[in-house]
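Summary of the model geometry
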Amino acid sequence: MNAHKLIDGKAAAARVLLQVREDVARLHGQAIQPALAVILVGNDPASQVYVRNKILRAEEVGIRSVEHRLPSDTSTEQLLILIGQLNADPAIHGILLQLPLPAQMDELRALEAIAPDKDVDGFHSQNVGGLSQGRAVLTPCTPSGCLYLLEHTCGDLRGKHAVVIGRSNIVGKPMAALLLKADCSVTVLHSRSHDAQALCRQADIVIAAVGRARLIDASWLKPGAVVIDVGINRIDDDGRSRLVGDVDFDSALPHVAAITPVPGGVGPMTIAFLMKNTVAAAQAQHHALRSQSEAVCHSIY
Ligand SMILES: Nc1nc(=O)c2c([nH]1)NC[C@@H]1CN(c3ccc(C(=O)N[C@@H](CCC(=O)O)C(=O)O)cc3)C=[N+]21
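Residues numbered from 1 in each chain as written. Predicted model: local features only at pLDDT ≥ 70, side-chain atom pairs only at ≥ 80, totals over all residues. Heavy atoms only, no water.

The number of helices and strands found in the protein is 10 helices and 10 strands. For the protein, the C-alpha radius of gyration of 20 Å lies close to 19 Å, the compact-globule estimate for 301 residues. Dimensions along the principal axes, computed over C-alpha positions, put the protein at roughly 70 × 45 × 35 Å. Sequence-distant contacts, at least 24 apart, represent 69% of the contacts inside the protein between residues at least 6 apart. (Helix = DSSP H or I, 4+ residues; strand = E, 2+ residues; numbered from the N terminus. Rg over C-alpha atoms; globule rule 2.2 N^0.38 Å. Contact = heavy atoms within 4.5 Å.)

Spelled out as structure tokens, the structure:
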């Protein structure tokens, strides 16, 4: 009955990936093989599944992928050596360091070590700063995917009030920056916000990225709001494990204009934009290389 309200992330991701596949084929035609290095430290089972999915998706669109597995007792220095090698390797265009890292490692230092032009997650401070200034830089995949879904659901976003719930560096903050760039009025709510529910009820657009299963129910939503659920929470449901979002889907559905399901919403978009960023990185690196060699030629003649 409410099927028309579902925002189909799988179908949208397939459209993005189709475009990526065409771009990859064009690069192959120029003898460029886009390549993504994925670094996985430790053996967290969920991370292993995510990494496998990323590698499968890369293969499907013709991106070469190289997986680097490091033991969970790896030191930050050892990880930095690998990152340095990948930075220096001209055949690698994108580097993804799967998060979270084991507790003894310095995550920020590792992310800062990735060459900004290979930082397909958009987590390096240079890319974070560039996004905040509204420049065209490599941008975090999940927020990019959310923005794509919003643009294809709401059309014009200008002047709309978007409420982002959650202020993480990987979703909440870059999401707010992208929505500002799209001319939304943006409110960011978090665990210390006073009266978060009442503020959220003013939103035309709600992005839920708190990591708390089914926290957001109908009482948080203005009738007709558009809801993007970034949460991926594994819960025990009568002895069976299943995935739910940060939004209580059944409660929200009758109140909203549109909503993303979990699974099948934001998750597939994250991977699609990782592929898109990898191709963009490969293109940019080859442009940079070409202008460098042209400059050398000019200086010779
Ligand atoms: N450096 C880094 N970059 C990331 O982008 C990153 C990361 N670390 N660490 C972990 C999170 C998680 N993440 C997901 C991507 C796709 C799905 C996805 O495709 N989910 C499917 C199916 C999920 C399932 O069935 O298990 C869905 O929602 O429909 C989920 C989660 C990327 N992450």
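Now for the environment of alanine 113. Relative to the helices and strands, alanine 113 is located in helix 4 (residues 107–113). Using a relative accessible area of 28% as the deciding quantity, one classes alanine 113 as partly exposed. Remark: the alpha-carbon pair of alanine 113 and glycine 62, spanning 51 residues in sequence, is separated by 27 Å. Alanine 113 has contacts with Leu80, Ile83 and Asn87, leaving out every residue within four places of it along the chain. (Buried < 20%, exposed > 50% of the residue type's maximum accessible area, 1.4 Å probe, protein only.)

This next bit is on the packing of aromatic side chains. Evaluation of the coordinates by the stated rule reveals 1 aromatic pair. Arranged with centres 6.0 Å apart and planes meeting at 65°, the rings of tyrosine 148 and phenylalanine 273 form a pair that is edge-to-face. You can see tyrosine 148 sitting in helix 6 (residues 141–154) and its partner phenylalanine 273 sitting in helix 10 (residues 266–300), a full 125 residues away along the chain. Taken individually, tyrosine 148 and phenylalanine 273 each receive the classification buried, so the pair is uniform in this respect. (Phe/Tyr/Trp six-rings, centres within 6.5 Å; stacked < 30°, edge-to-face > 60°.)

Next up on the list: helix 5 (residues 125–132). Those residues of helix 5 lying buried are Asn127, Gly130 and Leu131. Across the axial projection of helix 5, the buried residues extend over an arc of 100°, all falling on one side. Contacts made by the buried residues of helix 5 are with helix 7 (172–181). The first or second residue beyond helix 5 is glycine 134, which carries a positive phi of 80°. (Arc of directions from axis to C-beta.)

Attention now moves to the sheet that holds strand 6 (residues 205–208). Taking strand neighbours across the sheet as the criterion, the 5 strands line up as 5-4-6-7-10 in an open arrangement whose pairing is parallel. Since the sheet does not close on itself, it has two edges, and those belong to strand 5 (185–189) and strand 10 (258–259), each with one partner. Inspection of the sheet shows strand 4 (residues 161–165) paired to strand 5 by 5 bridges, in the parallel sense. Across the sheet, the residue bridging to valine 163 is threonine 187, located in strand 5. On the sheet, helix 6 packs against strand 6, strand 7 (226–229) and strand 10 and is oriented at approximately 160° with respect to strand 7. Relative to the sheet, helix 7 contacts strand 4, strand 5 and strand 6, its axis offset from that of strand 4 by approximately 170°. (Pairing = 2+ DSSP bridges. Axes fitted to C-alpha atoms, helices over the stretch in contact; angles between N-to-C directions.)

Across the protein, the average pLDDT comes to 96, with 98% of residues at or above 70. Both scores are available for the predicted complex, with the pTM at 0.96 and the ipTM at 0.95. (pLDDT = per-residue confidence, 0-100.)

Moving on to the pairing of strand 3 (residues 94–97). Covered by surrounding structure in strand 3 are Gly94 and Leu96 together with Ile95 and Leu97, the residues of both alternating faces. One ladder, built from 4 bridges, connects strand 1 (residues 35–41) with strand 3; its direction is parallel. Among the inter-strand pairings, valine 38 is bridged to a residue of strand 3, identified as leucine 96.

Let's shift gears to helix 7. The buried fraction of helix 7 amounts to 7 of the 10 residues, a majority that puts the element mostly inside the structure. Along helix 7, the residues classified as buried are Gly172, Pro174, Met175, Ala176, Ala177, Leu178 and Leu179. Looking at the buried residues of helix 7, the elements they touch are helix 5, helix 6, strand 4, strand 5 and strand 6.

Quick look at the sheet that holds strand 3 now. Taken together, the 3 strands give an open sheet; going across it, the order is 2-1-3, and neighbouring strands pair in parallel fashion. A single partner strand is all that each edge strand has here, and the edge strands are strand 2 (64–70) and strand 3. Averaged over neighbouring strand pairs, the angle between their axes works out to 15° when direction is ignored. Note that strand 1 and strand 2 share 7 bridges and pair parallel. Bridge pairing in strand 2 places alanine 35 opposite arginine 64. Along the sheet, helix 3 (residues 76–88) makes contact with strand 1, strand 2 and strand 3, crossing strand 1 at roughly 180°.

Our next topic: the UniProt feature "domain: Tetrahydrofolate dehydrogenase/cyclohydrolase NAD(P)-binding" (unreviewed entry) in the protein. As recorded in UniProt, the sites labelled "domain: Tetrahydrofolate dehydrogenase/cyclohydrolase NAD(P)-binding" (unreviewed entry) are residues 140–285. From the first C-alpha to the last, residues 140–285 spans 19 Å; its make-up is 36% helix and 21% strand. (UniProt positions renumbered as here; feature names shortened; annotations may be inferred.)

Ile63, Leu179, Ile207, Ile228 and Met275 are the most contacted members of the largest nonpolar core, which has 55 residues in total. No other element matches the 10 residues that helix 10 contributes to this core. The residues that make up this core include at least three from each of domain 1 (30–115) and domain 2 (139–265). Excluding residues that lie within four positions of it along the chain, methionine 275 makes contacts with Leu17, Val20, Leu36, Lys54, Arg57, Ala58, Val61 and Ile63. With 18 residues, the next largest nonpolar core counts Val41, Leu86, Ile95 and Leu101 among its residues. (Core = buried A, V, L, I, M, F, W, Y, C linked by side-chain atoms within 4.5 Å. Domains from an automatic or database assignment.)

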